[in-house]
Amino acid sequence: MTAVILINWNGAADTIDCLESLNRAEGEFFVVVADNGSTDDSLERIREYASGLSIKVHVIDLERNWGFAAGNNRAVSYASAFNPDSYMLLNNDTVVEPDFLKRIQSYRREHPGTRILGPVICYW
């Protein structure tokens, strides 16, 4: 199972769009949304939205802005308690195709020596 990590900072609309697309995604995964000390109502909006999704979403409050790298490190540390076999760091302003994770997981199974993978990123 893959842990998909999203960092949010005052970007609830983008994060919600990303979660909406992840809710349609295929594959075995769960999501950790780490709020990086938002000063708006992002945390509440994301928690409310995530509670209605069919996928498992953990929303954690980092209480201050740790920056992108340290925020991801904290989110990965949180996710590690659930023993995922891989992690995907995904920008919160991303909208994914339904098969994006299945394709990556399939490639990973076929190429077990590959340690770092990333999807093709296209702009709208």
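Residues numbered from 1 in each chain as written. Predicted model: local features only at pLDDT ≥ 70, side-chain atom pairs only at ≥ 80, totals over all residues. Heavy atoms only, no water.

**Observations concerning the pattern of salt bridges**
Short version of the rule: Within this document, salt bridges are pairs made up of a side-chain nitrogen of Lys or Arg and a carboxyl oxygen of Asp or Glu, the two lying within 4 Å of each other. In this description a helix means any DSSP run of H or I spanning at least four residues, a strand means any run of E spanning at least two, and both kinds are numbered starting from the N terminus. Think of it in three bands: residues with accessible area under 20% of the maximum for their type are buried, residues over 50% are exposed, and the middle band is partly exposed, with areas taken using a 1.4 Å probe on protein chains only.
In the structure shown here, the tally under the stated rule is four salt bridges. Two residues, Lys-102 and Glu-26, come together in a salt bridge whose shortest N-O distance is 3.9 Å. On the criterion of sequence distance, the pair formed by Lys-102 in helix H4 (residues 100-110) and Glu-26 in the loop between helix H1 (12-23) and strand E2 (29-35) is long-range, its members being 76 residues apart. One salt bridge in this structure joins Arg-45 and Asp-41, with 3.9 Å as the shortest N-O distance. Overall, Arg-45 belongs to the partly exposed group, its relative accessible area being 37%.

**Things to note about the nonpolar core**
Short version of the rule: Here, nonpolar core refers to any group of buried Ala, Val, Leu, Ile, Met, Phe, Trp, Tyr and Cys residues whose side-chain atoms link them within 4.5 Å. Whether two residues are in contact is decided by their heavy atoms: any pair within 4.5 Å suffices.
Counting residues in each nonpolar core, the largest one holds 24 residues, and the members touching the most others are Leu-19, Leu-22, Val-31 and Val-57. Elements supplying a minimum of two residues to this core: strand E1 (2-8), H1, E2, helix H2 (42-50), strand E3 (57-61) and H4. With five residues, H1 is the single largest residue contributor to this core. In contact with Leu-19, other than residues within four places in its own chain, are Leu-6, Val-31, Val-33, Ile-46, Tyr-49, Leu-53, Ile-55 and Val-57.

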